[in-house]
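Architecture at a glance
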Amino acid sequence: MDFTLTMWLMPTVRPTSRYCFISGKISHNDAWPLISMRNDGKIVIIYGHGNEFERVTSQATVPLLAWTHLSVVVEPKKIKLFINGAVDSQVGTKGNGRAILYPVVVGTCPSGLRSRVDHIRDGFDGMLAQYKYYTRALSPIHVRVIYDQGPPEGFDVDEMLSE
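Throughout, a residue's number is its position along its own chain's written sequence, starting from 1. This being a predicted model, a pLDDT of at least 70 is required before a residue's local features are given, and a value of 80 or more before pairs of side-chain atoms are given or counted; all residues contribute to the totals for chains, interfaces and linings. Excluded from the side-chain calculations are hydrogens and water; all other atoms, namely the structure's heavy atoms, are used.

Okay, the side chain of Thr93 next. Think of it this way: any DSSP run of H or I at least four residues long counts as a helix, any run of E at least two long counts as a strand, and we number them from the N terminus. Relative to the elements of secondary structure, Thr93 occurs in the loop between strand E8 (86-92) and strand E9 (104-106). Ignoring anything within four residues of it in the chain, the contact list for Thr93 reads Trp32, Tyr47, Pro76, Lys77, Lys78 and Ile79. The criterion used for residue contact is that any of the two residues' heavy atoms lie within 4.5 Å.

Dropping the structure here:
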């Protein structure tokens with residue numbers, strides 16, 4: 001089954017551990033996909049079953065204190081990562097027909113949800129906006145149209161940091 005996750009992301013600090021959890025569709029044995037950010041600002045998509053997890057890492061680095069648009073498009077045998085409306089990375093997969101059934105987890109991985117990707121439990125520090133789940137694989141043109149609508153308006157980063 002195909003689906004797409006899209007969001008605007010604004011990290012306020014780099015993760016203190018190697019990775020931080022942003023979002024994902026996960027069960028106790030599977031991650032399809034798990035979206036994380038490394039402490040160098042690269043986005044890492046983790047996917048797999050049981051103890052067999054694979055990764056694809058973004059070429060682009062997500063800046064601090066600026067909105068970045070992410071889209072993860074999951075097709076039967078492919079996962080694509082779009083950053084700011086353009087394909088950044090993609091990988092061929094064996095597929096996972098059950099992934100459509102997994103819950104979507106956003107922001108941090110709850111302690112009650114045991115995943116085999118346990119080392120990525122630290123939550124994301126920053127903001128997520130306009131998070132959307134589509135029940136189909138969006139085309140590159142559709143991803144670009146969503147990106148072209150722009151980030152949330154009327155947000156003052158300096159005000160948030162002074163609080």
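Summarising burial for strand E1 (residues 3-11): nine of the nine residues are buried, a large majority. Note on exposure labels: buried denotes an accessible area under 20% of the residue type's maximum, exposed denotes more than 50%, and partly exposed covers the range between, all computed with a 1.4 Å probe on protein chains only. Here E1 shows two buried faces, one formed by Phe3, Leu5, Met7, Leu9 and Pro11 and the other by Thr4, Thr6, Trp8 and Met10. As judged from the seven bridges shared by E1 and strand E6 (residues 68-75), these two strands associate in the antiparallel manner. Note that in E6 the partner of Leu5 across the bridge is Val72. Two strands form a pair only when DSSP identifies at least two bridges running between them. By the bridge criterion, seven bridges tie E1 to strand E10 (residues 126-134) in an arrangement that is antiparallel. The partner of Pro11 across the bridge, within E10, is Gly126.

Moving on: the packing of aromatic side chains. Pairing of aromatic rings covers Phe, Tyr and Trp, the last counted by its six-membered ring, and requires centre-to-centre distances within 6.5 Å; plane angles under 30 degrees mean stacked, over 60 mean edge-to-face, and any other angle means tilted. Across all of its chains, the model carries two aromatic pairs by this definition. With centroids separated by 5.7 Å and ring planes inclined at 25 degrees, the aromatic side chains of Trp8 and Tyr147 adopt a geometry described as stacked. Here the residue Trp8 occupies a position in strand E1, and Tyr147 occupies one in helix H1 (residues 140-148), the gap between them amounting to 139 residues. Under the relative-accessibility criterion, Trp8 is labelled buried at 3%. The class of Tyr147 is partly exposed, set by a relative accessible area of 22%.

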